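Take a look at the letters that make up each chain.
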Amino acid sequence: MNAYQRKRWLGLLLVIIVCMLGLSSPIQHFAAFPNEVRLFSGQLKQLDYSMPVHAQVTSDSQLLRINGSSGRSTSINLNKPLTIQSSSSGETTLKLKLFGKIPFKTVKVNVVPDLRVIPGGQTIGVKVKSAGIMVVGHHQVVNDKGTKVSPGETARLQLGDLIVRINGNYVNEVYKVAKLAEEAGTANKPLQLTVKRGTRLFETKLSPVYDAEDRAWRLGLYIRDSAAGVGTLTFYAPDQGVYGALGHVITDMDTQTPIEVGDGQILQSNVTSINKSQNGEPGEKRAHFIKESKVLGNIERNTSFGIFGKMKELPAHSYNQQSIPVAFAEEVKEGPAQLLTVVNGQKVERFNVEVVHVTRQQSPATKGMVIKITDRRLLQQTGGIVQGMSGSPIIQDGKLIGAVTHVFVNDPTSGYGCFIEWMLQDAGVLLKTTNLNLKAA
């Protein structure tokens, strides 16, 4: 064998060794070791990397207890679980050295104030008043010449636009618009509109047209000022007096655009029946607002992760009134979990589900996990996930991890869920953190 052939065989052997090392468990665990760790004060976090080596952990402060030790420097065996705990919030760094000498990893540790919430599951009635007049359609008006015209289209208004001011005055009630249209039409003057389209505001003029058939002044628009429906309460944070529900944004049923909330309420609701889900046909909860029920809370925000506002007390019929810890997005894992929801009356029940897929998200985004209903009792009653179940809290290992958001139309036994961390941020009870360089633990 000549020198060239020996080099080729040696190179091939090195490639095989590198591939084997890359596939080996210790190397994979080394690659998975995080650059940053987040935990709530008082809660114990466990890291398990099964690396058959000893190391020295050095902290730049006495904020943390490593494997029960509060010293600045601790010897650890990475083949055994590494536990981190702190009784107060703050930031620090951990420096790991293999065999106490070789620099291995520097990990940033962010300890945030302890946060516990009471999981919901109650079916709630939702009443939303928009922050203006929503344009949900156009129609044509027959004028005195017999010609069909649409004043709204002439004014360049589009579906989903929000009329926030008319003649300089804020308006969010449809019944007031008819009077303004009549006054403008009678005076032969156009209405001065301030319109919000997305995040942009613009001005336009709209001249009402007298409808000869209806004998009334018309705008050529279908408009709406409110929406109502049912959903599920996700959590109540008693220390802050706020709640989160639904897990997804409320959109107008005609334009499918998010409703900008001007005012709103959540009320007690009673489930009367279930229209079961089938492949291709999502079912729904049939529910009604309880007559003369008290208002549970207000609606201050409508975001991609649900509705949020103030709530003075926990609604009745909760599954358990004890608060539980919450999980960061990176703590959620594939495996068994539980779902809290109502399928009859007002009784919150617990059902078994499986988290079958987790998307590692470094910043807020919907569709964080895929869940599958495994509880035979729930499948018999609902066929899977149904409309009105959105917002149902998902619990794993005793922690609130997220909420149901959507059902798979072609497989109603499965659907999407969002991480509870993003809902807590939108509720204002968990501070937003910078984008993290996190890896699966």
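Bear in mind that the values here come from a model prediction, so they are computed numbers and not experimental data.

Got a minute to help me understand the overall build of the protein in this structure?
On a plain count of helices and strands, the protein comes out with 6 helices and 32 strands. Across the 441 residues of the protein, 47% fall into the buried class. The long-range fraction of contacts in the protein, counting pairs at least 24 apart against all pairs at least 6 apart in sequence, stands at 68%. By element, 50% of the accessible surface of the protein is carried by carbon and sulfur atoms, the whole surface being about 22,200 Å².

Even after reading the chapter, I still don't get the sheet that holds strand β28 (residues 348–358), so can you show me in this structure?
Strand pairing within a sheet occurs via backbone hydrogen bonds; the two strands may be parallel or antiparallel. Spatial strand order, β27-β28-β29-β32-β31-β30: 6 strands in a closed barrel with antiparallel pairing. Averaged over all neighbouring strand pairs, the angle between strand axes comes to 40 degrees, with direction disregarded. As paired strands, strand β29 (residues 369–373) and strand β32 (residues 411–419) are joined by 4 bridges and run antiparallel to one another. Within β32, the residue paired with Val370 across the bridge is Tyr416. Here helix α6 (residues 420–427) sits on the sheet in contact with β31 (399–408) and β32, set at roughly 50 degrees to β32.

Even after reading the chapter, I still don't get the pattern of salt bridges, so can you show me in this structure?
Scanning the model with the defined rule gives 16 salt bridges in all. When the shortest N-O distance is used, the salt bridge between Glu300 and Arg301 registers 3.7 Å. Arg301 sits in the partly exposed class, given a relative accessible area of 31%. Linking Arg377 and Glu349 is a salt bridge whose minimum nitrogen-to-oxygen distance equals 2.7 Å. Separated by 28 residues along the polypeptide, Arg377 in helix α5 (residues 376–382) and Glu349 in strand β28 bring together distant segments of the chain. The exposure class of Arg377 is partly exposed, given its relative accessible area of 36%. Counted as one network, the salt bridges with shared partners bring together Arg38, Glu330 and Glu421.

Can you walk me through the environment of Asp426 in this structure?
As for its placement among the helices and strands, Asp426 is situated in helix α6. Residues Asp426 and Arg301, spaced 125 residues apart in sequence, show a C-alpha to C-alpha distance of 8.2 Å. Sequence-distant contacts of Asp426, that is, excluding residues within four places in its chain, are made with Arg301, Thr303, Phe305, Phe308 and Lys432. Polar contacts involving the side chain of Asp426 include one to the side chain of Thr303, which spans 2.6 Å.

Before we go on, may I ask you to explain the sheet that holds strand β6 (residues 82–85) in this structure?
Overall, antiparallel pairing links the 3 strands, which are arranged β2-β6-β4 in an open sheet. Two strands bound the open sheet, and with one partner strand each, they are β2 (45–47) and β4 (65–66). In this structure, β4 lies alongside β6, joined through 2 bridges in antiparallel fashion. Looking across to β6, one finds that Ile66 is bridged to Ile84.

What should I look at first to understand unusual backbone geometry in this one?
In most cases, non-glycine residues show a negative phi, while peptide bonds are predominantly trans. For Leu246, which is not a glycine, the phi torsion comes out positive at approximately 75 degrees. Note on placement: Leu246 falls in strand β20 (residues 242–246). Taking the relative accessible area as the measure of exposure, Leu246 reaches 5% and is therefore buried. Look at Gln256: it is not a glycine, yet its phi comes out positive at around 60 degrees. Positionally, Gln256 belongs in the loop between β20 and β21 (261–275).

What should I look at first to understand the packing of aromatic side chains in this one?
In this description, a pair of aromatic rings is defined by centroid distance and the angle of the planes. Tallied over the full model, the rule gives 3 aromatic pairs. Pairing Tyr210 with Trp217 gives two aromatic rings, centres 5.3 Å apart and planes at 65 degrees, and the pair type is edge-to-face. Tyr210 gets classed as partly exposed once you look at its relative accessible area, which sits at 35%. Judged by centre distance (4.9 Å) and plane angle (80 degrees), the ring pair of Phe408 and Tyr416 falls under edge-to-face. Given the relative accessible area of 24%, Phe408 is considered partly exposed.

The rules behind each value
- Residues numbered from 1 in each chain as written.
- Predicted model: local features only at pLDDT ≥ 70, side-chain atom pairs only at ≥ 80, totals over all residues.
- Heavy atoms only, no water.
- Helix = DSSP H or I, 4+ residues; strand = E, 2+ residues; numbered from the N terminus.
- Buried < 20%, exposed > 50% of the residue type's maximum accessible area, 1.4 Å probe, protein only.
- Contact = heavy atoms within 4.5 Å.
- Areas by Shrake-Rupley, 256 points an atom, 1.4 Å probe, with all protein chains shown as cover.
- Pairing = 2+ DSSP bridges.
- Axes fitted to C-alpha atoms, helices over the stretch in contact; angles between N-to-C directions.
- Salt bridge = Lys/Arg side-chain N within 4 Å of Asp/Glu carboxyl O.
- Polar contact = N/O pair within 3.5 Å; in protein donor to acceptor, adjacent residues only side chain to side chain.
- Phe/Tyr/Trp six-rings, centres within 6.5 Å; stacked < 30°, edge-to-face > 60°.

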